Amino acid sequence: GVREDERGFTLQELLTTIAILGILITIAVIVFLALLERWRVEAAASQFAADLRLAHARATNQLTDWRVVFMPDGSPVSGCASSDYCMIKLRVPYGAGDEAPTLDPEAPRAPRELPDGTKIKEVTFDPDCSAGDAEAVIPPSSCGGTRTLEFSSNGTVRTLRPGQSGTVRISSDDGSPHCDVVFNSATSRIRIGSIAY
């Protein structure tokens, strides 16, 4: 026999269920896209830090200097003009008073690209413009800037102008989230900061 108390869902109940599912799916997609941006920036920062460590290791192992040149807003290097940054080997170690160094002709330039949707947002160096004067207080902006790190054969890292430490900010195209890669000459340490929004 047919049970008279059985009934299906009403149209109103079905529409309410579909609306709730739609809202939940929308929230899940938004969260997933935000996580995707975060993972992309973390991957870019990890890649960049790994390349800095690689340049450091090559400089100490090969007993010559390696440079990492950041391409955005910087002077283009032949063979690296369209890249985000470039790794370059010098022919011989370079000292502060030496003539302009020459590149090693046998070592090809190594142009590097960050993952799609990420970029080098800004580069902040901590210059020491005091020229050894412990009493001097000179704003970093008056020292000028550089977009090149040089890893020396003695294991140190320096910028090409006064200053040894600094931060390279890696971000998504719209600037958020971002992650800082911090380098310190005194310890030759390169570390990746936390993700910020």
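Residues numbered from 1 in each chain as written. Predicted model: local features only at pLDDT ≥ 70, side-chain atom pairs only at ≥ 80, totals over all residues. Heavy atoms only, no water.

Participant: Any details on helix α1 (residues 11-62)? Residues and values, ideally.
Facilitator: An α-helical turn contains 3.6 residues, so any two residues separated by three or four positions project in the same direction. The first and last C-alpha atoms of α1 sit 75 Å apart over 52 residues, in line with the 76 Å expected at 1.5 Å per residue. Just downstream of α1 lies L63, where phi reads positive at about 55 degrees. (Helix = DSSP H or I, 4+ residues; strand = E, 2+ residues; numbered from the N terminus. Expected span 1.5 Å × (residues − 1).)

Participant: Got a sec to walk through the environment of E113? Specific residues and values, please.
Facilitator: Turning to its location among the elements, E113 is positioned in the loop between β3 (110-112) and β4 (118-126). Residue class for E113 comes out partly exposed when judged on its relative accessible area of 44%. For the pair E113 and D84, spaced 29 residues apart in the sequence, the C-alpha separation amounts to 5.2 Å. Setting aside chain neighbours within four positions, we find E113 in contact with Q47, S82, S83 and D84. (Buried < 20%, exposed > 50% of the residue type's maximum accessible area, 1.4 Å probe, protein only. Contact = heavy atoms within 4.5 Å.)

Participant: An account of the environment of R109 is requested, with residue identities and associated values reported.
Facilitator: Relative to the helices and strands, R109 resides in the loop between β2 (85-89) and β3. Beyond its immediate sequence surroundings of up to four residues, R109 is in contact with V77, S78, C80, C86, M87, I88 and L103.

Participant: Can you tell me about the pattern of salt bridges, naming the residues and giving the values?
Facilitator: When the charged atoms of two side chains with opposite charge come close together, those side chains can pair. Within the structure shown, the criterion is met by 6 salt bridges. A salt bridge links R40 to E37, with the shortest nitrogen-to-oxygen separation between them at 2.9 Å. Separated by 3 residues within a single helix, R40 and E37 lie in helix α1, roughly one turn from each other. With a closest N to O distance of 2.8 Å, D180 and R169 form a salt bridge. Of this pair, D180 sits in strand β8 (residues 178-184) while R169 is found in strand β7 (residues 165-172), placing the two residues 11 residues apart along the sequence. (Salt bridge = Lys/Arg side-chain N within 4 Å of Asp/Glu carboxyl O.)

Participant: Residues and numbers for the packing of aromatic side chains, please.
Facilitator: Enumeration over the complete set of coordinates arrives at 3 aromatic pairs. With a centroid separation of 6.5 Å and 80 degrees between ring planes, the pair formed by F32 and W39 is classed as edge-to-face. According to the relative accessible area criterion, F32 is partly exposed, its value standing at 46%. You can call W39 partly exposed: its relative accessible area is 44%. For the ring pair F48 and Y85, a centre distance of 5.0 Å and an interplane angle of 85 degrees mean the geometry is edge-to-face. Of this pair, F48 sits in helix α1 while Y85 sits in strand β2; the two residues are 37 residues apart in sequence, bridging distant segments of the chain. Since its relative accessible area comes to 0%, F48 is described here as buried. (Phe/Tyr/Trp six-rings, centres within 6.5 Å; stacked < 30°, edge-to-face > 60°.)

Participant: Which residues make up the pairing of strand β1 (residues 66-70), and what values do they have?
Facilitator: For β1, the buried fraction is high: 5 of the 5 residues fall into the buried class. Neither face of β1 is open: one carries W66, V68 and F70, the other R67 and V69, and all of them are buried.

Participant: Give me the environment of S172: which residues, what numbers.
Facilitator: Assignment of secondary structure puts S172 in strand β7. Residue class for S172 comes out buried when judged on its relative accessible area of 1%. The contact partners of S172, leaving out residues within four places of it in the chain, are E37, V41, G117, T118, K119 and P177. A polar contact is formed between the side chain of S172 and the side chain of E37, at a distance of 3.4 Å. Here the side chain of S172 touches D174 through a polar contact of 2.6 Å, side chain to side chain. (Polar contact = N/O pair within 3.5 Å; in protein donor to acceptor, adjacent residues only side chain to side chain.)

These results come straight from atomic positions and should not be treated as a statement about function.
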